[in-house]
Amino acid sequence: MSLMPVTVYGDSILRETAKPILSVDDEIIQNIHDLFETMRNANGIGLAANQVGLNKKMFIIDLKGVDGYDDFKPLVVINPEIIEYSDELIIMEEGCLSLPDLRADVERSEFIKIKYLDTDEELQEFEAESWLARVILHEYDHLIGKMIPDRVEPRIKQKLKGDLIRIMKRDIETDYQITERG
Ligand code: NI
């Protein structure tokens, strides 16, 4: 297993649409281990493949540290599709390992339904709400090249501008490794 540097805002791979995974082979399993190691080292609760430089349509989630999710089993989500979005929207504050030190209120559906492949290539489908729905939507966004600043009102995005420039210049400190400026 290896720790991977985390890509940050401005890295072009974070703007790419992730390529579907054709088979869950040894390389993908290795990638999944690397994702977990990198996410845990950075105290994250979700990580998409392009956040470690891989253009692959998958992400992982582990909510164990979050209130009310003590029994959460780490989730590996391959080739996801969001098949239902609730009309009920909810605003919650989000952060992202690719946006160090930045937090912003983001409005998203409160409930969603997702389908995806698990690591046995079995099709899974379930409904998620609250934090799990939120994290799934955030990670799914990464796979279509979207990030928090794309999901906030223009007025808020304007306020984030200084922080985004600092991140792109690497004028920030993180307790996990990030990519060097391209
Ligand atoms: Ni993120």
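Throughout this document, residue positions are counted from 1 along each chain, in the order its sequence is written. Two thresholds apply to this predicted model, a pLDDT of at least 70 for residue-level local features and 80 or more for giving and counting side-chain atom pairs, whereas whole-chain, interface and lining totals are computed over all residues. The side-chain numbers reported here are obtained from all heavy atoms of the structure, hydrogens and water having been left aside.

When you look at the coordination of the nickel ion in this model, what are you seeing that I'm missing?
Ideal geometry at a metal centre gives angles of 109.5 degrees when four donors are arranged tetrahedrally and 90 or 180 degrees when six donors are arranged octahedrally. Donor atoms are limited to N, O and S found within 2.8 Å of the metal ion, a distance that becomes 3.2 Å for Na, K and Ca. With water left out, some sites might look partial. Distances from the nickel ion to its protein donors, namely Cys96 (SG), His138 (NE2) and His142 (NE2), fall within the range 2.1 to 2.2 Å. Motif for the nickel ion, donor spacing along one chain: C-x41-H-x3-H. Pair noted here: Cys96 is in the loop between strand E4 (89-94) and strand E5 (104-109) and His142 is in helix H2 (residues 130-143), with a separation of 46 residues, a long-range link. Helix numbering and strand numbering both begin at the N terminus, where a helix is a DSSP run of H or I of at least 4 residues and a strand a DSSP run of E of at least 2.

I would appreciate a short explanation of helix H1 (residues 26-41) in the present structure.
Given 3.6 residues per turn, any residue in an α-helix points the same way as the ones three and four places further on. In this scheme, a helix's expected span is set at 1.5 Å multiplied by one less than its residue total. With 16 residues, H1 should reach 22 Å at 1.5 Å per residue; the first-to-last C-alpha distance of 23 Å fits that figure. Three labels apply to residues, based on accessible area from a 1.4 Å probe with only protein chains included: buried if under 20% of the type maximum, exposed if over 50%, partly exposed otherwise in between. Taken residue by residue, H1 has Ile28, Asn31, Ile32, Asp34, Leu35, Phe36, Thr38 and Met39 as its buried positions. Pairs of residues are marked as contacts when any of their non-hydrogen atoms sit within 4.5 Å. Contacts from the buried residues of H1 go to strand E1 (46-48), strand E2 (58-61) and strand E3 (75-85). Positioned one or two residues after H1, Asn43 has a phi angle of 55°, which is positive.

Would you mind going over the pattern of salt bridges with me for this structure?
The salt bridge definition used is simple: a Lys or Arg side-chain nitrogen within 4 Å of an Asp or Glu carboxyl oxygen. As enumerated under the stated definition, the model contains 14 salt bridges in all. Note that Arg170 and Asp11 form a salt bridge whose closest N and O atoms lie 3.1 Å from each other. Residue Arg170 is located in the segment after helix H3 (154-168), and its partner Asp11 is located in the segment before H1; the two are separated by 159 residues in the primary sequence. For Arg170, a relative accessible area of 18% gives the class buried. Measuring nitrogen to oxygen at the nearest pair gives 2.8 Å for the salt bridge that ties Asp141 to Arg151.

Please explain the nonpolar core as it appears in this structure.
Most often, soluble globular proteins keep nonpolar side chains buried together rather than apart. Here, nonpolar core refers to any group of buried Ala, Val, Leu, Ile, Met, Phe, Trp, Tyr and Cys residues whose side-chain atoms link them within 4.5 Å. Judged by nonpolar contacts, the single largest core of 36 residues is most densely connected at Ile32, Leu47, Met58, Ile60, Ile78, Leu99 and Ile148. For this core, the secondary structure elements donating two or more residues are H1, E2, E3, E5 and H3. The element contributing the most residues to this core is H1, with five residues. Sequence-distant contacts of Ile32, defined by excluding residues within four places in its chain, comprise Met58, Val76, Ile78 and Thr119. Counting 22 residues, the second largest nonpolar core, distinct from the first, contains Ala128, Leu132, Ala133 and Tyr140.

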